[in-house]
Amino acid sequence: MIMLERRRETSRVMKFASPLLALVLTVISGAALFGLLGFDPLEALYQFFIAPVMTSYGIAELLLKATPLILIGVGLAIGYRANVWNIGAEGQLIIGAIAGGAIGLALHGVDSVLVLPLMIAGGILGGMAWAAIPALLRTHFNASELLTSLMLTYVAELLLTWAVNGPLKDPDGFSFPESKMFHDSASMPLLLEGTRLHGGFLAALIVVLLGWFFISRSLPGYEVRVTGSAPHAARFAGFSQTVTIWMTLLAGGALAGLAGLFEVAGPVGQLVPKISPGYGFTAIIVAFLGRLHPVGILFAGLLVALSYLGGEMAQITLNMPLAVTGVFQGLLLFFLLGVDILLTHRIRIGHIKPRSAS
Amino acid sequence: MDHAYLTPLILAIIATATPLLLAATGELVTEKSGVLNLGIEGMMLMGAVSGFVTAKLTGSMVLALVAAGLTGMAMSALFGFLALVLLANQVASGLALTIFGVGLSALVGANWVGQPIDPLPVLFPAALAELPLVGPVLFAHDFLTYLSFGAIAGVWWFLYRTKAGLILRAVGDAHDSAHAIGYNVVKVRFLATLFGGCMSGLAGAYLSLVYTPMWAENMSAGRGWIALALIVFATWRPGRVLIGAYLFGAIAILQLHAQGAGLDIPAQFLNMLPYLATILVLVIISRDAVRIRLNAPACIGKAFHPAA
Amino acid sequence: MKSTLVRLLGAAVLAGMAAMGVARAEELKVGFVYVGPVGDYGWTFRHDVARKAVEAAFPGKVKTTFVESVKEGPDAERVIRQMAASGNKLIFTTSFGFMNPTVKVAKQFPAVKFEHATGYKRTANLSTYSARFYEGRAIIGHIAGRLSKTGVVGYIASFPIPEVVRGINAFTIALRKVNPEAKVKVIWVNTWYDPGKEADAAKALIDQGADIIAQHTDSPAPLQVAEKRGVKGFGQASDMIKFAPKSQLTAIVDNWNPYYIARTKAVMDGSWKSEATWAGIKPGMVKMAPYTNMPADVKAEAEALQAKLASGEVHAFDGPIKDQSGKEVVKAGEHLDDKTLATMDYYVEGVDDKLKK
């Protein structure tokens with residue numbers, strides 16, 4: 001009989017060992033999956049996990065891909081700790097990109113160091129504005145932010161379609177739904193010449209640090225934690241739920257909007273009908289894989305980004321269908337989520353031990 | 001509007017609402033037990049592909065529906081194992097299930113793209129559907145459409161009129177108390193999760209066997225998310241799930257009619273209407289905070305540690 | 001002396017054989033970047049059919065690779081670059097949204113040939129190609145004009161880009177040549193591919209009196225609705241007769257096979273040049289599925305029109321053409337030029353919709 005037995009306290013060893021165990025399990029089951037489908041298992045695993053980062057360009061791409069995931073993940077984690085369920089980061093990302101991008105387009109050709117900061121401010125404010133709607137509806141009308149933030153994502157996507165087909169369309173773009181390319185002053189500075197890695201990654205690192213400080217060291221962060229884990233105690237202590245909702249949603253919106261601006265002013269270089277391949281949703285997984293801790297989110301963001309790069313690599317080098325890479329990604333996530341049980345429980349093989357009354 | 005215009009309009013709304021209603025009905029039960037499964041989209045796709053492939057291979061629609069339901073259950077069992085046995089975070093596990101389901105359904109269905117299939121037959125004899133006025137609206141549907149109505153009514157009866165339903169709600173509202181009284185929280189939740197998976201699978205089968213009888217990758221196109229939103233919209237009440245599914249379906253259809261009639265508003269804004277209307281109605285009905293708290297399962301999304 | 005000669009000759013032969021051996025082993029690698037899944041049975045599906053045709057045309061000499069469902073946005077550049085870095089010498093990027101990423105990567109890999117579908121930016125190693133689908137739309141417009149009894153034709157549109165607007169216009173012009181009173185009702189679904197939504201749009205159009213449905217979206221769902229409701233329709237991208245045996249009149253088939261094979265061959269024999277290709281019915285890039293479910297005279301007219309479009313005797317945008325405000329945009333005896341067509345952003349007379357800008 002295999003039993004799960006609750007530990008007295010969270011295992012420190014498992015905190016680090018469990019993700020490694022998940023990787024081992026993924027590698028074993030992945031190898032079986034690839035073998036079953038007629039791919040060389042070792043080669044496939046190599047393409048997934050190692051080939052993408054064998055070049056400096058690849059590493060730069062990995063950091064680039066992880067940047068929005070980390071930024072949004074940290075923002076969402078703050079909310080999730082307070083049980084504020086913002087699942088509309090994708091929409092906030094899009095509005096941030098539109099707002100910041102529109103500033104860049106309005107200042108097209110203006111050669112000034114102020115253009116980019118203005119765009120960044122626009123991106124942050126845009127994301128905050130979009131997140132303010134669920135916050136307002138929740139605090140004033142009691143409407144669930146889970147639903148409103150999700151619905152607003154669809155609205156944001158359609159707004160972007162409208163914007164690039166209408167007011168923000170490049171007049172010289174042969175009527176195609178795209179904006180002008182941003183000029184140099186409106187583009188993110190590159191960190192590494194010859195790659196696409198831009199300053200946004202440094203911003204993500206700073207956000208990780210600030211997030212860590214906010215959650216573990218600051219008073220508002222403490223209020224957020226208490227509101228989430230012990231709402232009654234929070235009310236007793238005089239913490240305002242309204243303030244928590246506003247604060248967490250605005251923080252999440254700001255970081256999502258920032259991520260959106262980084263995408264358009266960075267790798268994309270213009271406003272197009274599709275800005276994000278679902279970063280706002282993927283970041284939800286990243287937030288939880290990182291156990292809602294900013295440093296954990298940093299690593300989770302890198303790992304999830306690697307799985308996407310690896311999926312592309314396996315398609316290119318092994319002709320592996322996208323479907324297989326999706327299944328493999330699903331397995332990886334299942335294992336990563338599943339093994340966290342070992343933090344709080346240990347596996348016991350043998351007879352059921354009578355539990356002392358607790 | 002004469003009935004020659006109204007009847008097809010109603011039929012179109014029913015077709016749009018049915019998959020949403022089926023999936024939302026299942027997820028309602030899951031959520032009432034305190035489990036939040038965000039993997040509806042993945043379960044629907046798996047149901048769609050397994051229903052289609054089974055129907056093609058066996059020629060039996062009964063087997064196809066059974067396969068779709070069972071596949072949905074198998075997917076939800078995977079989620080249940082992660083979230084209920086291994087206590088993994090439910091939000092993340094559900095999202096992972098969607099990623100997994102999108103990939104696996106594409107893998108299974110790769111050789112079945114671009115093939116037609118005879119749709120699920122209408123349940124009643126054609127003569128009934130030819131009755132004037134009410135005939136088409138009442139009698140021109142397949143089994144799944146009737147099931148969607150039966151299931152939501154049955155779920156209402158189950159939740160509010162049976163002891164088992166009471167237990168399920170108790171588990172969703174206060175798992176520690178329910179455990180203390182002696183109910184097996186994990187078992188109740190697992191069963192509720194399986195029911196949700198089964199209904200999502202059938203909702204997928206509705207897509208591939210009725211709505212648009214074919215298999216194509218990602219054919220659910222986000223409907224699982226809408227179903228999920230409908231439950232929040234309905235504040236976890238079966239009657240409102242029904243209303244919500246039909247309201248959403250009606251606005252989705254009517255905005256297309258408005259376009260066809262040449263309404264002079266950018267199509268993107270008309271396309272936004274179903275989502276904006278959902279928000280608006282939620283805002284109106286959510287103002288009474290106390291009543292929502294009565295219906296929302298208090299433990300939703302929270303892991304249950306038996307000895308905590 | 002003699003032995004040296006023999007030895008030299010031998011060495012030369014050996015070297016030659018070795019060179020040939022290398023040549024034989026060195027397959028040409030051709031990469032394809034798709035915007036959708038190969039299982040969409042629409043746009044991407046047809047490109048993948050052509051990819052397989054390339055492999056079949058050069059057995060053992062060509063190795064193809066593809067990446068599907070590449071999002072238009074930040075991911076595209078990385079995928080295209082990776083394709084080039086992995087040794088593909090010819091890369092097809094098959095969506096408009098890949099244009100700027102393709103341009104960027106083409107600059108970094110001057111030795112690799114790139115082919116971008118439906119765009120307008122070209123460089124020394126980047127060609128563009130597109131199909132004159134509007135020629136096919138003129139044919140189906142003619143058929144619709146001859147067969148519609150209500151005089152109302154439904155048109156399911158995806159996104160208001162020139163390609164789609166041009167299709168609606170070509171369709172409407174041909175329609176009103178045979179039935180000047182006929183109207184085209186347009187519904188924009190804002191998606192290339194959502195079977196359910198496309199079906200809903202088809203139902204709405206039929207409910208509003210349309211007895212023929214045309215579509216510029218990818219799935220067979222609208223045709224299935226037409227079949228069920230007893231009206232007629234046209235297939236898109238593939239011959240969809242299987243889905244609507246009683247309802248499909250014909251289908252505009254994307255046929256990339258000859259182009260992809262020709263371009264691959266050009267890279268193999270070194271004759272590849274950067275070009276802008278915009279080909280229609282004549283070279284077979286646009287094909288029509290068999291004309292079915294229509295009277296013999298209409299079928300004959302459709303075939304005649306197809307032949308005339310191919311020979312150039314008829315142009316889909318022959319003047320006189322008026323726009324929606326009644327202003328003449330091209331005189332009788334002339335036709336709209338390619339530049340106007342490529343950037344088309346207005347409707348012609350007879351479209352019962354307004355193009356919002």
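Residues numbered from 1 in each chain as written. Chains lettered and ligands numbered in written order. Predicted model: local features only at pLDDT ≥ 70, side-chain atom pairs only at ≥ 80, totals over all residues. Heavy atoms only, no water.

**Side note on unusual backbone geometry**
Comment: phi is negative for the bulk of residues other than glycine, and the bulk of peptide bonds are trans.
Part 1 of the reasoning: The omega torsion across Gly 319 of chain C and Pro 320 of chain C is -5°, close enough to zero to call that bond cis.
Part 2 of the reasoning: Examined against the element boundaries, Pro 320 of chain C turns out to sit in the loop between helix H10 (296-311) and strand E13 (321-322).
Part 3 of the reasoning: Of note in the backbone geometry, Asn 83 of chain A takes a positive phi value of approximately 60° without being a glycine.
Part 4 of the reasoning: Topologically, Asn 83 of chain A is positioned in the loop between helix H3 (56-81) and helix H4 (89-106).
Part 5 of the reasoning: A relative accessible area of 32% means that Asn 83 of chain A is categorised as partly exposed.
Part 6 of the reasoning: Even without being a glycine, Asn 218 of chain B presents a positive backbone phi close to 60°.
Part 7 of the reasoning: Assignment of secondary structure puts Asn 218 of chain B in the loop between helix H10 (185-211) and helix H11 (223-233). (Helix = DSSP H or I, 4+ residues; strand = E, 2+ residues; numbered from the N terminus. Buried < 20%, exposed > 50% of the residue type's maximum accessible area, 1.4 Å probe, protein only.)

**A few points about the sheet that holds strand E10 (residues 248-254) of chain C**
Residues and elements named next belong to chain C.
Part 1 of the reasoning: Here seven strands make up an open sheet; going across it, the order is E12-E10-E9-E8-E6-E7-E15 and the pairing mixed. This sheet does not close on itself; its edge strands, each paired only once, are strand E12 (286-288) and strand E15 (351-352).
Part 2 of the reasoning: As judged from the two bridges shared by strand E7 (residues 183-188) and E15, these two strands associate in the parallel manner. Residue pairing for E15: Lys 185 is matched across the bridge by Asp 352.
Part 3 of the reasoning: Relative to the sheet, helix H7 (residues 195-207) contacts strand E6 (152-157), E7 and strand E8 (212-215), its axis offset from that of E6 by approximately 160°. (Pairing = 2+ DSSP bridges. Contact = heavy atoms within 4.5 Å. Axes fitted to C-alpha atoms, helices over the stretch in contact; angles between N-to-C directions.)

**Some remarks on H7 of chain C**
All names here are of chain C.
Part 1 of the reasoning: For H7, with 13 residues, the first-to-last C-alpha span of 18 Å sits near the 18 Å given by 1.5 Å per residue.
Part 2 of the reasoning: Taken across its 13 residues, H7 has 12 buried, putting it largely inside the fold.
Part 3 of the reasoning: Those residues of H7 that sit buried are Pro 195, Gly 196, Glu 198, Ala 199, Asp 200, Ala 201, Ala 202, Lys 203, Ala 204, Leu 205, Ile 206 and Asp 207.
Part 4 of the reasoning: A positive backbone phi angle near 100° is found at Gly 209, which sits one or two residues after H7. (Expected span 1.5 Å × (residues − 1).)

**What to know about the confidence of the model for chain B**
Part 1 of the reasoning: Looking at chain B, the pLDDT average stands at 88 and 95% of residues meet or exceed 70.
Part 2 of the reasoning: In the predicted complex, the global pTM is 0.88; the interface-specific ipTM is 0.87. (pLDDT = per-residue confidence, 0-100.)

**Some thoughts on the pattern of salt bridges**
For side chains of opposite charge, pairing can occur when their charged atoms come near one another.
Part 1 of the reasoning: Under the criterion given, the structure shown has 23 salt bridges over all chains.
Part 2 of the reasoning: Among the ionic pairs, Glu 61 of chain A bridges to Arg 78 of chain C, the shortest N-O distance being 3.0 Å. Taken together, the residues span two chains, with Glu 61 of chain A in helix H3 and Arg 78 of chain C in helix H3 (residues 74-85).
Part 3 of the reasoning: Of the residues examined, Glu 61 of chain A reaches a relative accessible area of 2% and is grouped as buried.
Part 4 of the reasoning: Of the charged contacts, one joins Arg 132 of chain C and Asp 338 of chain C as a salt bridge, the two residues approaching to 2.8 Å between their closest N and O atoms. Of this pair, Arg 132 of chain C sits in the loop between strand E5 (126-131) and helix H5 (133-147) while Asp 338 of chain C sits in helix H11 (residues 338-342); the two residues are 206 residues apart in sequence, bridging distant segments of the chain. (Salt bridge = Lys/Arg side-chain N within 4 Å of Asp/Glu carboxyl O.)

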